[in-house]
Amino acid sequence: MGKTLVEKIWDAHVVKRQEGFPDILYIDTHLIHEVTSPQAFDGLRKRGIPVFRPSQTVATADHNVPTLNQHLPIQEELSRYQVDMLTKNCKEFGVELYGLGHPYQGIVHVIGPELGITQPGKTMVCGDSHTSTHGAFGAIAFGIGTSQVEQVFATQCLLQQKPKTMKIEVNGELAKGVGAKDIVLYIISKTTAAGGTGYFVEFAGSAIRSLSMEGRMTVCNMSIEMGARGGLIAPDQTTFDYVHGREFAPKGEDWDKALSYWQTLYSDEDAPFDVVLEFDAADIQPMITYGTNPGMGIGISDAIPATTDQPESERPSYKKALDYMGFRDNETLLGHPVDYVFIGSCTNSRIEDLRAVASFVQGKKKADHVEVWIVPGSKQVEAQAKEEGIDKIFEEAGFVLREPGCSACLGMNEDKIPAGKYCVSTSNRNFEGRQGPNARTMLASPLTAAATAVSGKIVDIRELI
Amino acid sequence: MKKFEKLTSTVVPLPIENIDTDQIIPARFLKATTREGFGDNLFRDWRYDSDGNPKADFVMNNPTYNGKILVAGKNFGCGSSREHAAWAIQDYGFDVVISSFFADIFKGNALNNGVLPITVPDEFLEKIFDAVFADHHSELTVNLEAQTVIINATGASFEFEINPYKKSCLINGYDDIDYILSHTAEIEEFERIRPFSFYR
């Protein structure tokens, strides 16, 4: 019996397997940020122990940082304190920090891949649920809580049950204007926000294979939104070409050794998955969400499902979601006015996303009543955008290119959407209040977001390109 | 970690599905660098209006309902990995959360903090809600050793599942770090013999 990709990587990292206990799983790379690490560092102090393998830990500041005037001290006192605490902790425990002002600073799930830290076959964790992003390289990558951050600090290991496996195949050709974000929003709309809970999901099929690394990261990023701990894609030439030559990628002889190992990382033909789902790429429209969890998504020209079509026990929660959003049963969103457009987050803030937006908005102007925030995922993405003149295109369109951070994805820093306002967002969660108290979030792709910014209302990108 | 054995308590019912961690504790309250005090902002935006006044229609502001057990609709704790959600629930005074389905990360975080997440079938969850809405004095008895949750008023009971290792951690107040640290020599040996030096 063959092995799945998840099993191959998992089994290569088991330090100890003992009947009745979870596996002790070795962690190759630990990424940390300012919000979920301070209590873990504190735990080490209380136990009087060091970080076991500081060289396998990398830190950045992203969640709390302002995205304008990063050269100035952070205005908000608690945010500043938390970011300062990260600096102090990293210094004390010998952890490399790409903090504010560093040319590598950025969203933790953007900098890992672009620095070549993210590699096929690794185990990677971070105190952030979107760690699943790194699975795009054929790595086992998942989000953990702060107690587990402390575990990895203390031992470079985690106690983990081997997960169940699910394969999701998407085959066929995507329509023009439909991309990675639409694929994953479509999948979640089919599985629901809980459909992947307990599983690691391997995405496969020709439509997935045809995606760039950036697109694959977008898909894996949102696997947590169907409840899955991780999502991953078998590495191939696209992956190897992306990793090759990056700062922390293996070099010389190490590269050859790594490559020959990475080429063995795929699910065997006869590998058994616990669940297999198949979708046809041709069925996928540009997607948008209408509710308050990422499973509440529809094709852009579809109507919002009726409350009476929901199972009876779920109707109160469903109605609560529509009331929050100010939407009605059977309503179509095309033409619905919006107030804000946010392009950014660990889902869609990479250079390819910015290029897609720029290619659409070049020579166009944003609608007068819409506020548009574009937040690059990292200092490197920002620099690249400037080098390519993308910042000028945005400026002429009336968009603001800000500085890197999580920004309006999570309503934690200064970038919040005001109460009652509608925001088309390229981020990953449309929960109540996610972008600020009573803000109304509609998740969509960068292209749909760009078209919405120009039109001032929800539009079908397929009719504009 | 606090030990958990047995608990009899009234409950706070929250029959809403897909309660995500942004509802449990909104991101703007994650700025503390200690584990304490998050209970004040548990369910902040459901509990208080934008001026900080309690919303009368929210169950936690209704003095009728209180207790150490929170009972919620399915897919509780979905969303972010923030352990602050488990800290907030514990800090507010809940020792047990019952739902018909838990998100993975939340469940792990709760267990790592001595909060017991109990998964029950949809029908049993309905029975709990029915009992509590019929009489808010209704109590549940949770026995971790026996792995049972009993609706005292009706005697209905359910035998829940829990990983045996996690069960012993809760009963004894141990945490994972104590366990892994006892295997440090094996971790070092693993590092020495594994072939993938290019990862470091």
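Throughout, a residue's number is its position along its own chain's written sequence, starting from 1. Lettering for chains starts from A, numbering for ligands starts from 1, and both go in the order in which the items are written. pLDDT decides what is reported in this predicted model: residues at 70 or higher carry local features, side-chain atom pairs at 80 or more are listed and counted, and totals for whole chains, interfaces and linings draw on all residues regardless. Computation of side-chain values covers all heavy atoms of the structure but excludes hydrogens and water.

An unreviewed UniProt entry lists chain B under the name 3-isopropylmalate dehydratase small subunit, from Sphingobacterium phlebotomi. Per its UniProt entry, chain B bears the Subunit (unreviewed entry) comment "Heterodimer of LeuC and LeuD." UniProt positions are given in the numbering used here, feature names are shortened, and annotations may be inferred rather than shown by experiment. The record held by UniProt for chain B lists under Sequence similarities (unreviewed entry) the comment "Belongs to the LeuD family. LeuD type 1 subfamily."

In the nomenclature of an unreviewed UniProt entry, chain A corresponds to 3-isopropylmalate dehydratase large subunit from the organism Sphingobacterium phlebotomi. Its UniProt record, at the heading Pathway (unreviewed entry), says of chain A: "Amino-acid biosynthesis; L-leucine biosynthesis; L-leucine from 3-methyl-2-oxobutanoate: step 2/4." The UniProt entry for chain A carries the following comment under Function (unreviewed entry): "Catalyzes the isomerization between 2-isopropylmalate and 3-isopropylmalate, via the formation of 2-isopropylmaleate."

A.B. asks: Explanation requested: the UniProt feature "domain: Aconitase A/isopropylmalate dehydratase small subunit swivel" (unreviewed entry) in chain B in the structure shown.
C.D. replies: Mapped onto this numbering, the UniProt entry annotates "domain: Aconitase A/isopropylmalate dehydratase small subunit swivel" (unreviewed entry) at residues 1-122 of chain B. Secondary structure across residues 1-122 of chain B comprises 21% helix and 17% strand; the distance between its end C-alpha atoms is 30 Å. In this description a helix means any DSSP run of H or I spanning at least four residues, a strand means any run of E spanning at least two, and both kinds are numbered starting from the N terminus.

A.B. asks: Explain the interface of chain A and chain B to me, please; I cannot follow it from the model alone.
C.D. replies: Note: interface size is frequently given as the accessible area lost on complex formation between the parts. Two residues form a contact once any of their heavy atoms are found within 4.5 Å. The partner chain B presents 58 residues to the 77 residues of chain A that form the contact. Buried area is calculated as the accessible area (1.4 Å probe) missing from two parts once they are joined, with the contributions of both summed. Summed over both partners, the interface of chain A with chain B comes to about 5,500 Å²; 57% of that surface belongs to carbon and sulfur atoms. Salt bridge criterion: a side-chain nitrogen from Lys or Arg within 4 Å of a carboxyl oxygen from Asp or Glu. At the boundary of chain A with chain B, the tally comes to nine salt bridges. Arg194(B) is the partner of Asp28(A) in a salt bridge, and the nearest nitrogen-oxygen pair spans 3.0 Å. Nitrogen and oxygen atoms within 3.5 Å of one another constitute a polar contact, given that in protein one can donate a hydrogen and the other can accept it, and given that sequence-neighbouring residues count only through two side-chain atoms. Between the two partners, chain A and chain B, sit 29 residue pairs in polar contact (both at pLDDT 80 or more). Residue assignment for the side of chain A that touches chain B shows that the elements contributing at least two residues are β1 (14-16), β2 (23-26), α2 (38-47), α3 (77-93), α5 (146-155), β8 (157-160), α10 (252-262) and α11 (315-325) of chain A. Here the term charged refers only to Asp, Glu, Lys and Arg, the term nonpolar to Ala, Val, Leu, Ile, Met, Phe, Trp, Tyr, Cys and Pro, and the term polar to all other amino acids, Gly among them. Residue classes in the side of chain A that touches chain B are distributed as 31 nonpolar, 28 polar and 18 charged.

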